[in-house]
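Here is what each chain is made of, one letter per residue.
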Amino acid sequence: MLRENINTAVKEAMKAKDERKLSTLRMVNSTIKNADIEARGQGKPPLGDGDLLSLLQKMIKQRQESVELYDKGGRAELADQERAEIAVIQAYLPQQMSDDEVKTAIAAVISETGAAGIKDMGKVIAALKAKYAGQMDFGKASGLVKAALTG
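Please read these numbers as outputs of a predicted model, since none were measured by experiment.

Attention now moves to helix H5 (residues 99–113). Counted at 1.5 Å a residue, the expected span for H5 with its 15 residues is 21 Å, and the 21 Å between its end C-alpha atoms agrees. For H5, the complete set of buried residues consists of Val 102, Ala 105, Ile 106, Val 109 and Ile 110. Along the axis of H5, the buried residues cluster in a sector spanning 135 degrees; they form a single face. Seen from the buried face of H5, the exposed residues on the opposite side, beyond 90 degrees, are Asp 100, Thr 104, Ser 111 and Glu 112. Elements that come into contact with the buried residues of H5 comprise helix H6 (121–132) and helix H7 (138–150).

So this is what it looks like as structure tokens:
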């Protein structure tokens, strides 16, 4: 479904002559194809929507790091270009959860899985990824899970 949305958006960007959106979506498609090829090499099927969402989040995180570096280096035009790419990519992610929603989800998953201590952290993170792929930053969530499990 996500692939179809992106491919449709590529066609629309071509018709609208929106060069920034078109180049960003082509880059996204290229990244997806590379990930599919890598998965096929490992004997896995093409990426599903959950995997695609985490791939898009990874692309956004890379661009956010670039924005910071460009801002520090005084390259405002390159930082703006990265921000524009982030905006295009974010349009294909589900709405991000607020901090309170993330904490509530973590508490619910901890009680569902019966996690008792830090040794169960992997089980909790796996359940969160299965339920909330693309909706939360798992880097932040892992810190919150660790805090919740250690008391």
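Back to the write-up after that little detour.
You can see Arg 75 is positioned in the loop between helix H3 (49–72) and helix H4 (76–90). Separated by 51 residues in sequence, Arg 75 and Ala 126 place their C-alpha atoms 39 Å apart. In terms of polar contacts, Arg 75 uses its side chain to reach the side chain of Glu 77, at 3.0 Å.

The subject of this paragraph is the side chain of Asp 36. Its location among the elements puts Asp 36 in helix H2 (residues 19–41). The residues touching Asp 36, leaving out its near neighbours within four places in the chain, are Arg 3, Pro 46 and Leu 47.

Let us now look at the side chain of Glu 85. Along the chain, Glu 85 falls in helix H4. By relative accessible area, which is 8% here, Glu 85 ends up buried. When residues no more than four places from it in sequence are discounted, the contact partners of Glu 85 are Arg 20, Thr 24, Met 27 and Arg 63.

Generally speaking, a soluble globular protein has its nonpolar side chains buried in company with each other. The biggest cluster of nonpolar side chains holds 25 residues, and the ones touching the most others in it are Leu 2, Ile 6, Leu 25, Val 28, Leu 56 and Tyr 92. Put simply, the parts of the chain that give this core at least two residues each are helix H1 (2–16), H2, H3 and H4. Ranked by residues supplied to this core, first place goes to H3 with seven residues. In contact with Tyr 92, not counting residues within four places along its chain, are Leu 2, Asn 5, Ile 6, Ala 9, Lys 21, Leu 25, Leu 53 and Leu 56. In terms of nonpolar packing, the next biggest core, distinct from the first, is built from 17 residues, Val 102, Ile 106, Val 109 and Val 145 among them.

Rules behind the numbers
- Residues numbered from 1 in each chain as written.
- Predicted model: local features only at pLDDT ≥ 70, side-chain atom pairs only at ≥ 80, totals over all residues.
- Heavy atoms only, no water.
- Helix = DSSP H or I, 4+ residues; strand = E, 2+ residues; numbered from the N terminus.
- Expected span 1.5 Å × (residues − 1).
- Buried < 20%, exposed > 50% of the residue type's maximum accessible area, 1.4 Å probe, protein only.
- Arc of directions from axis to C-beta.
- Contact = heavy atoms within 4.5 Å.
- Polar contact = N/O pair within 3.5 Å; in protein donor to acceptor, adjacent residues only side chain to side chain.
- Core = buried A, V, L, I, M, F, W, Y, C linked by side-chain atoms within 4.5 Å.

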